[in-house]
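Structural overview for review
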Amino acid sequence: KAEAFYRRGDLRLMLNEAKLAIKDFSASLALVSQQPAVLHRRSMAAQQEGDMKMALNDLSEAIRMDPAVPHAYLDRGTIFFELGRLREARSDLTRHLTFKPDSSSAYSLRGSISFMEKDYEAAISDFLRAVDIQEELFPRATNPNKDWHNPSQVDLYLKIGESYARAGNTRKQIAMYR
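As the structure is a prediction and not an experimental result, all values here were calculated from the model.

Describing helix 8 (residues 120–137)
With 18 residues, helix 8 ought to run about 26 Å at 1.5 Å a step, and its terminal C-alpha atoms sit 26 Å apart, in line with that. Buried residues of helix 8: Tyr120, Ala123, Ile124, Asp126, Phe127, Ala130, Val131, Ile133 and Gln134, and no others.

Okay, here's the thing in C-alpha cells:
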C-alpha cells in the first residue's frame with residue numbers, strides 16, 4: 001500500500017499537482033517511514049508549493065537516512081542557494097560532486113556562489129568545468145551547424161566573461177564573448 005501511494009504521488013508530481021502529491025507521499029511515509037526516495041520526491045512537491053522549510057527538512061532527513069543519495073545534496077544545495085545560505089549550499093554541492101563529478105549544474109551553481117563571494121578564480125574554474133562537461137555531453141561536432149551552442153553553455157560563457165572582467169582580465173573576458 002505504501003508503494004501505491006508513492007507511485008500515485010509521483011504521477012501527481014509529474015502532473016504538477018503538488019498538494020495532492022504531498023498528501024500521497026505523506027500517506028506512504030505514514031505506512032513505512034524509512035523511505036529516503038519518498039522524502040526526496042515529497043521535497044520536490046514541497047518546492048513546487050513554495051514550502052522550502054518542508055523541502056529542506058525532507059531532504060535533510062533523506063540524507064540522514066541514506067548519505068549516499070547524490071541528488072538530495074544537489075537539491076538541498078540549490079534551495080540553500082536560493083535562500084542565500086551560501087556556505088551550506090557550497091558544502092552540499094561539493095558533496096554532490098564527490099558522487100557525481102560530471103554534474104555541470106553543480107559546478108555552475110558552485111561557480112555562482114564563488115562569483116557572489118568575489119572569488120573570481122574559483123568561479124571561472126567551476127564555470128569552465130561546467131562548460132567542459134556540457135561539451136562532452138553535447139559536442140558541437142555532432143551538430144551540422146558549427147556555430148551552434150548549447151544555450152546553457154552561452155550563459156556559462158557570459159558568466160565566465162563577467163568573472164574575468166571582475167578579476168581584471170579584459171583580454172580573457174573578450175575571448176569568452178566570442
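Here we look at the pattern of salt bridges
Using the criterion set out here, one finds 13 salt bridges in the structure. Here Arg42 ties to Asp58 by a salt bridge, and the two come within 2.7 Å at their closest N and O atoms. With Arg42 in helix 3 (residues 36–49) and Asp58 in helix 4 (residues 52–65), the pair connects residues that are 16 residues apart, well separated along the chain. Take Arg42: its relative accessible area is 13%, and that puts it in the buried class. Given a relative accessible area of 4%, Asp58 falls into the buried group. Where Asp155 meets Lys159, a salt bridge forms, and the shortest distance between an N and an O atom there is 3.5 Å. Taken together, the residues Asp155 and Lys159, both in helix 9 (residues 151–166) and four residues apart, mark about one turn of the helix.

Let's talk about helix 5 (residues 70–82)
The end-to-end C-alpha distance of helix 5, which contains 13 residues, comes to 19 Å, matching closely the 18 Å that a straight helix rising 1.5 Å per residue would cover. Every buried residue belonging to helix 5 is among Pro70, Ala72, Tyr73, Leu74, Asp75, Arg76, Gly77, Ile79 and Phe80, and all of these are buried. Packing partners of the buried residues in helix 5 comprise helix 3, helix 4, helix 6 (86–99) and helix 7 (104–116). Positive phi appears at Gly84, one or two residues downstream of helix 5, with a value of about 80°.

Focus: the environment of Leu56
Of note, Leu56 is situated in helix 4. Here the alpha-carbon distance between Leu56 and Ile79, two residues 23 residues apart in the chain, equals 7.4 Å. Leave out the neighbours within four places in its chain, and Leu56 touches Arg76, Ile79, Phe80, Leu83 and Arg85.

Topic: the packing of aromatic side chains
Each aromatic ring pair is specified by the distance between its two centres and by the angle formed by the two planes. Under the defined criterion, the tally for this structure stands at three aromatic pairs. With a centroid separation of 6.0 Å and an interplanar angle of 45°, the aromatic rings of Tyr6 and Phe25 are classed as tilted. Of the two residues, Tyr6 is situated in helix 1 (residues 2–14) and Phe25 in helix 2 (residues 18–31); the sequence distance between them amounts to 19 residues. An identical accessibility class is assigned to Tyr6 and Phe25; each is buried. With a centroid separation of 6.0 Å and 20° between ring planes, the pair formed by Tyr73 and Phe99 is classed as stacked. With Tyr73 in helix 5 and Phe99 in helix 6, the pair connects residues that are 26 residues apart, well separated along the chain. Residue classification places Tyr73 among the buried residues on the basis of a relative accessible area of 6%.

Remarks on the nonpolar core
One finds Phe25, Ala45, Leu93 and Ile160 to be the most contacted residues of the largest nonpolar core, which totals 42 residues. The leading source of residues in this core is helix 8, at seven residues. Leaving out residues up to four positions away in the same chain, Leu93 has contacts with Leu74, Gly77, Ala106, Leu109, Arg110 and Ile113.

Basis of the calculations
- Residues numbered from 1 in each chain as written.
- Predicted model: local features only at pLDDT ≥ 70, side-chain atom pairs only at ≥ 80, totals over all residues.
- Heavy atoms only, no water.
- Helix = DSSP H or I, 4+ residues; strand = E, 2+ residues; numbered from the N terminus.
- Expected span 1.5 Å × (residues − 1).
- Buried < 20%, exposed > 50% of the residue type's maximum accessible area, 1.4 Å probe, protein only.
- Salt bridge = Lys/Arg side-chain N within 4 Å of Asp/Glu carboxyl O.
- Contact = heavy atoms within 4.5 Å.
- Phe/Tyr/Trp six-rings, centres within 6.5 Å; stacked < 30°, edge-to-face > 60°.
- Core = buried A, V, L, I, M, F, W, Y, C linked by side-chain atoms within 4.5 Å.

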